[in-house]
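# An overview of the molecular structure
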Amino acid sequence: EKLLVLNGCAIYLTRFNSEEPLLLEFIQVRYEVFQTAETTHYEPEPDSDDTHPDTRFLLVIDETQGVPKVVGGRRMLFHEPDSDFVLYAERNAHMAMQEMLPHLKTDKLRYVELGSFCLLEEYRGSGIASALYQVTFDYLKSRQVDFIVSQSVPSNVDRLHWAAEKNGAKQVILRFDVLT
């Protein structure tokens, strides 16, 4: 589903499909971007979170070249009420969300883990990043998400805070240096 077009790039919402070449291209772009960044937990192949039925992707696709080219995007892992799906952040922290947020009945809430936002360097500074944040929060509002979990790379924390505040979102950021 095409959600927005800006500067020749379209942002699409999709879920995992092993036959979808653009989604597989995104997984490669994500791997390449984060091999040179501040995190290395992404692999060049889809992982179990990518293929989970409650996972959604926002893909940024350059449509100006005649052949669509994936230039960025993000993964969103959704926890639905009464689901036993354990988010990557929970596994990585070795702590259930209920332990992290004991004041909430997290098993009865809908929440999302925002995967790291990635965009090829040559597309940064073009307004696409801001558009992707806007599309992300618009989609989360439509899904009636109760709260957000994020493991932003340190260089993106301030931008995520800004985008969350701009869009009126409640936010939780897991900082493993604080948890350990």
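How each quantity is defined
- Residues numbered from 1 in each chain as written.
- Predicted model: local features only at pLDDT ≥ 70, side-chain atom pairs only at ≥ 80, totals over all residues.
- Heavy atoms only, no water.
- Core = buried A, V, L, I, M, F, W, Y, C linked by side-chain atoms within 4.5 Å.
- Buried < 20%, exposed > 50% of the residue type's maximum accessible area, 1.4 Å probe, protein only.
- Helix = DSSP H or I, 4+ residues; strand = E, 2+ residues; numbered from the N terminus.
- Contact = heavy atoms within 4.5 Å.
- Phe/Tyr/Trp six-rings, centres within 6.5 Å; stacked < 30°, edge-to-face > 60°.

Here we come to the nonpolar core. The biggest cluster of nonpolar side chains holds 40 residues, and the ones touching the most others in it are Phe26, Val60, Met76, Val112, Leu119, Phe137 and Leu140. Contributions of two or more residues to this core are made by strand S2 (9-14), helix H1 (21-35), strand S3 (55-62), strand S4 (69-79), strand S5 (111-114), strand S6 (118-119), helix H5 (128-142) and helix H6 (157-166). For this core, the element with the highest residue contribution is H5, accounting for nine residues. Contact partners of methionine 76, with chain neighbours within four places excluded, come to Leu13, Asp54, Thr55, Arg56, Leu58, Val112, Glu113, Leu114, Thr136, Tyr139 and Leu140. The next biggest cluster of nonpolar side chains, apart from the first, holds 12 residues, and it includes Ala89, Met97, Phe147 and Val149.

A few words on the environment of phenylalanine 147. One can find phenylalanine 147 in strand S7 (residues 147-150). Between the C-alpha atom of phenylalanine 147 and that of valine 112, which follows or precedes it by 35 residues, the distance is 6.8 Å.

Turning next to the packing of aromatic side chains. Remark: the centre distance and the inter-plane angle together describe each pair of aromatic rings, the angle taken between the planes. Taken as a whole and assessed by the stated rule, the structure comprises four aromatic pairs. With a centroid separation of 6.0 Å and an interplanar angle of 85°, the aromatic rings of phenylalanine 78 and tyrosine 139 are classed as edge-to-face. With a gap of 61 residues between them, phenylalanine 78 in strand S4 and tyrosine 139 in helix H5 connect regions that are remote in the sequence. Residue phenylalanine 78 shares its accessibility class with tyrosine 139, and that shared class is buried. Centre to centre, the rings of tyrosine 111 and phenylalanine 147 are 4.6 Å apart; their planes meet at 15°, and the pair counts as stacked. Placement of the pair is tyrosine 111 in strand S5 and phenylalanine 147 in strand S7, with a sequence separation of 36 residues. The residues tyrosine 111 and phenylalanine 147 share a single accessibility class, namely buried.

Geometry only, nothing functional implied.
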